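Spelled out, the chains give:
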Amino acid sequence: MKQKILLSLLIMLCSATAWSGEETIIQGRNGNKLYYEIDTKETYGTMNRIFFSFEITNEEEKRCELSEAYIDVGWLDGNNVEIPSVIEGFKVTSISSDAFKDYKGWYSTQIPPFTLTLPICLEEIKSEAFKDVAFLRDIILPSTLVSIGNSAFSNTGLSSVDVPSSVKTIGYGAFANCLQLTHAEIHGSVEAISAFSGCIMLEAVVLPNTIKSIGGFEGCDNLESIILPNSLETIYDGTFANSGIKNIQIPNGVSKIGERAFSCCFRLETVELPNGLNVISQQCFEGCSKLKSINIPNSVVTIYGGAFMDCRSLTEIQLSESLVAMSDAFDMCSSLKTIYIPASVKYASAFRDCSSLESIVVDAGNPYLDSRNGCNAIIETANNRLIAGCGNTVIPEDIVAIGQMAFAGMTGLSEVTIPDGVYDIGFDAFQGTAWYNSQPDGLVYAGKVAYRVKGQVTNGTDIVLREGTKGIAEYAFEDDYCVGPASITIPESVVHIAPYAFWQCREMTDLFLMHKEPLNVVTYISDTPERTILHVPFGSKESYTEHKAWGQFKEIIEMEPVYTEKCATPTIAYDCGELVFAC
């Protein structure tokens, strides 16, 4: 039966039709199924046919569900299609997920667009009911409708949508990827919606004042503005990402904006954040390249990583006076010139690749962070660790550590003076600076720290750290930069070896340590300790073997003892015009 129907449909795609106006309607019941058929005779004697099959869902309440539909393409030429509301006394209250399955994926231009009128007693359209029925252009939703399922109309040819006030739920992606959809109006009591992602032609949306949660406008490139209702409380992850939004005012009832909510809105110029907002999530406004300023309301306590990353036009930031933590929030804001850190902030991080940054000031009343002596940097007060700097930073003499990416991308930093007390430097702390770029290939020292091997070290090279070196930085000898020293010798002056210092040094066969007592290092200074022989001072093998980190090495060998001869009675003589010293 189904093969004949599909064959008939293919034949009709290739034929023109002319109507005589003669119709025959047949309906009836067969067990638990109901059927409704319209046959229309053409001028040339062939038939065009509409057929609907229904499943009885409640015998007592006289309710049924549309389970299968067949429509000859010839019928669609200039005609609307109406699904009957009552069959044999049974009300049609729902449409199944498979009702239009035979039409999914039909994109032929020979199929004429049509308007579908749904039953006036319809209550539910189930998930994917019309999904991929691309030639569906218009639909009339009845005032009895209560629920629209997930992806119910996704990837159809709808040009506009008017959802009646009776609807209480609209499923995820209900109208997603409707490429012809330009207007949508939602009425009634819907509280959550995430339904229009990928509707690239959508220009206007009207939302009801019942909406509490919103999502699903990702990729709506033509959507330049939208009025968010005052009832709104939550904006879901990715809601307006990659959309055409230019200006947005977020109502004061919103307490959470999800991750990537406005990510890559390349036309976004102004944002008004609500006073009740507590958190700005990861990558929330990442890549909004036209955003020039942002005022963070005083209710915000946390700004997560990448929240304003790559907002390259952003020149001005007004941070919340209640802000507690901000992590990598403004990386790659290449136009940002000044930053002021309020007294409330406990944790901040570097401003990576903010190449125009000239001034960093921490409020004098901040007990956790400071910018002592006008140094143009952020310093963790308790441990004297510099975590963020800029091109004008002067590193204070009492600093002992420099954090990860503290100066990364500060292209204007051409000179740097690192105090002798600094023994710990984090990963990529000076990457991309003019200072680092000007250093010759080989092992680069930052003050008294072995910072990074620049360029490549040939296999078999022996590296001996200079006397007086205090620290080895994170990833200092990572294999991507250091193609395999045969050995590394670490003097006793070194007091700190950072995590991952010898990461992926797969060609390193020997590591020489001059410390009689093992340095307290983490277990992951090297990921290939089983390939490396550890050489330690005479008499210290046992303590190294028992150490959690050093004990992992392939073999531990004690070096030969070094004897220093003592002179009991030194003498000085003059012989042939030279001073001679002897014992």
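All residue numbers here refer to positions counted from 1 along the written sequence of the relevant chain. Side-chain atom pairs in this predicted model are given and counted only at pLDDT of 80 or more, local residue features only at pLDDT of at least 70, and totals for whole chains, interfaces and linings cover all residues. In computing side-chain properties, one takes all heavy atoms of the structure into account and sets aside hydrogens as well as water.

Things to note about the overall build of the protein chain
The test is simple: The secondary structure listing takes helices from DSSP runs of H or I that are at least 4 residues long and strands from runs of E that are at least 2 residues long, numbered from the N terminus. Throughout this description, buried means an accessible area under 20% of the type-specific maximum (1.4 Å probe, protein chains only), exposed means over 50%, and partly exposed covers the range between. Contacts between residues were defined by any pair of non-hydrogen atoms, one from each residue, lying within 4.5 Å. Calculation of accessible area relied on Shrake-Rupley with a 1.4 Å probe; when residues are assessed, cover is drawn exclusively from the protein chains displayed.
Helix and strand content of the protein chain: three helices and 44 strands. A buried classification covers 50% of the 583 residues belonging to the protein chain. Considering only intrachain contacts with a sequence separation of at least 6, the fraction spanning at least 24 residues in the protein chain is 33%. Total accessible area on the protein chain stands at roughly 26,300 Å², and carbon and sulfur atoms take up 48% of it.

Overview of the state of the cysteines
Let me state the cut-off plainly: Two cysteine sulfur atoms make up a disulfide if the distance between them is within 2.5 Å.
Under the counting rule described, the total for this entry stands at zero disulfides. No disulfide involves Cys 199; its sulfur sits 5.0 Å from the nearest other cysteine sulfur, which is in Cys 178. Judged by relative accessible area, Cys 199 falls into the buried class, the value being 0%. Cys 265 provides the cysteine sulfur closest to Cys 288, a residue in no disulfide bond, and the two sulfurs are 5.1 Å apart.

What about the nonpolar core?
This is how it is decided: To form a nonpolar core, buried Ala, Val, Leu, Ile, Met, Phe, Trp, Tyr and Cys residues must be joined to one another through side-chain atoms within 4.5 Å.
Core analysis: the largest hydrophobic core is formed by 137 residues, its most contacted members being Phe 175, Phe 308 and Phe 430. Those residues in contact with Phe 175 that sit more than four places away from it in its chain are Ile 148, Phe 153, Ser 154, Leu 158, Val 161, Val 163, Ile 170, Leu 181, Ala 195, Phe 196 and Cys 199. With 28 residues, the next largest nonpolar core counts Val 453, Ile 472, Ile 490 and Ile 497 among its residues.

As for the pairing of strand S38 (residues 487-490)
Moving residue by residue along a regular strand, the side chains alternate between the two faces of the sheet. Put simply, the rule is: Between any two strands, pairing holds if DSSP finds at least two bridges.
Where burial is concerned, the two faces of S38 agree: the one with Ser 487 and Thr 489 and the one with Ile 488 and Ile 490 are both buried. Pairing geometry for strand S36 (residues 462-464) and S38, over three bridges, is parallel. In the sheet register, Ile 463 faces S38, and the bridge partner there is Ile 488. Bridging between S38 and strand S40 (residues 510-513) involves four bridges; their strand directions are parallel. Considered in S40, the bridge of Ile 488 is made with Leu 511.

Digging into the packing of aromatic side chains
The description of two aromatic rings rests on the distance between their centres and on the angle between their planes. For the record, the criterion: Planes of paired rings set the category: under 30 degrees apart is stacked, over 60 is edge-to-face and the rest tilted, where pairs are Phe, Tyr or Trp rings (Trp by its six-membered ring) whose centres lie within 6.5 Å.
Taken as a whole and judged by the stated rule, the model has 22 aromatic pairs. A ring pair is formed by Phe 153 and Phe 175, whose centres lie 5.4 Å apart and whose planes are at 5 degrees; its orientation type is stacked. Placement of Phe 153 in the loop between strand S11 (147-148) and strand S12 (160-163) and of Phe 175 in the loop between strand S13 (169-170) and strand S14 (183-186) is noted, with a sequence separation of 22 residues between them. We classify Phe 153 as buried; its relative accessible area is 0%.

Some points on the side chain of Ser 231
In plain terms, the rule: Side-chain atoms alone can form a polar contact between residues adjacent in sequence; in general such a contact is a pair of N or O atoms within 3.5 Å, and within protein one must be able to donate a hydrogen while the other accepts it.
Among the structural elements, Ser 231 can be located in the loop between strand S17 (213-215) and strand S18 (234-235). There is a polar contact of 2.6 Å between the side chain of Ser 231 and the backbone oxygen of Asn 209. Excluding anything up to four places from it in sequence, Ser 231 contacts Pro 208, Asn 209, Thr 210, Ile 211 and Lys 212.

Here we look at the environment of Ala 350
By the secondary structure assignment, Ala 350 is in the loop between strand S27 (338-341) and strand S28 (359-362). A residue is classified by how much of its surface remains accessible, and Ala 350, at 7% relative accessible area, is buried. Each C-alpha atom, one on Ala 350 and one on Ala 429, is 9.3 Å from the other, the two residues being 79 residues apart in sequence. When residues no more than four places from it in sequence are discounted, the contact partners of Ala 350 are Asp 328, Asp 331, Ile 387, Ala 388, Gln 404, Met 405 and Ala 406.

Overview of the sheet that holds strand S34 (residues 442-446)
Read across the sheet, four strands follow the order S34-S35-S37-S39 without closing on themselves; strand pairing throughout is mixed. The open sheet has two edge strands with one neighbour each: S34 and strand S39 (496-497).

Focus: the environment of Ser 94
Within the secondary structure layout, Ser 94 lies in strand S7 (residues 90-95). In this structure the C-alpha to C-alpha distance between Ser 94 and Leu 145, which are 51 residues apart in sequence, comes to 9.1 Å. Here Glu 65 takes part through its side chain, which lies 2.9 Å from a polar atom of the side chain of Ser 94.

Considerations on the pairing of S40
Where S40 and strand S41 (residues 533-536) come together, three bridges link them in parallel fashion. Note that in S41 the partner of Phe 512 across the bridge is His 535.

As for the pattern of salt bridges
Rules: Salt bridges, as used here, are contacts in which a Lys or Arg side-chain nitrogen is within 4 Å of a carboxyl oxygen on Asp or Glu.
Within this structure, the stated rule accounts for 16 salt bridges. Taking the shortest distance from any N to any O, the salt bridge between Glu 218 and Arg 260 comes out at 3.1 Å. With Glu 218 in the loop between S17 and S18 and Arg 260 in the loop between strand S20 (256-257) and strand S21 (270-272), this pair connects stretches of sequence that are 42 residues apart. Classification of Glu 218 by relative accessible area gives partly exposed; the value is 30%. The partner of Arg 267 in a salt bridge is Asp 221, with the nearest N and O atoms 3.2 Å apart. In this pair, Arg 267 is assigned in the loop between S20 and S21 and Asp 221 in the loop between S17 and S18, connecting sequence segments 46 residues apart.

Regarding the sheet that holds S40
Stated formally: For helices, the axis comes from a line fit to the C-alpha atoms of the stretch in contact; other axes are also lines fit to C-alpha atoms, and the angle between any two N-to-C directions lies between 0 and 180 degrees.
A sheet is described by the order of its strands in space; here five strands give the open sequence S36-S38-S40-S41-S42, paired in parallel fashion. Edge positions in the sheet fall to S36 and strand S42 (555-558), since each has one partner strand and no second. Taking each pair of neighbouring strands and ignoring which way they run, the sheet shows an average axis angle of 15 degrees.

Observations regarding a nonpolar patch on the surface
Where we set the bar: Patch membership needs two things, relative accessible area over 30% and no salt bridge, and members are linked within 9 Å if like-charged or within 5 Å if nonpolar (Val, Leu, Ile, Met, Phe, Trp, Tyr).
Residues Leu 179, Ile 200 and Met 201 make up a contiguous nonpolar surface patch of roughly 230 Å² in combined accessible area. Examined against the element boundaries, Leu 179 turns out to sit in the loop between S13 and S14.

What about the confidence of the model for the protein chain?
Low pLDDT means the predicted coordinates in that region are not meant to be read closely. Heads up, the rule is: The quantity called pLDDT is the predictor's confidence in a given residue, expressed from 0 to 100.
On average, residues of the protein chain score 87 in pLDDT, and 86% of them are at 70 or above. Contacts for the low-pLDDT stretch residues 1-20, under 50 throughout, to residues beyond four places or in other chains number 41 contacts.

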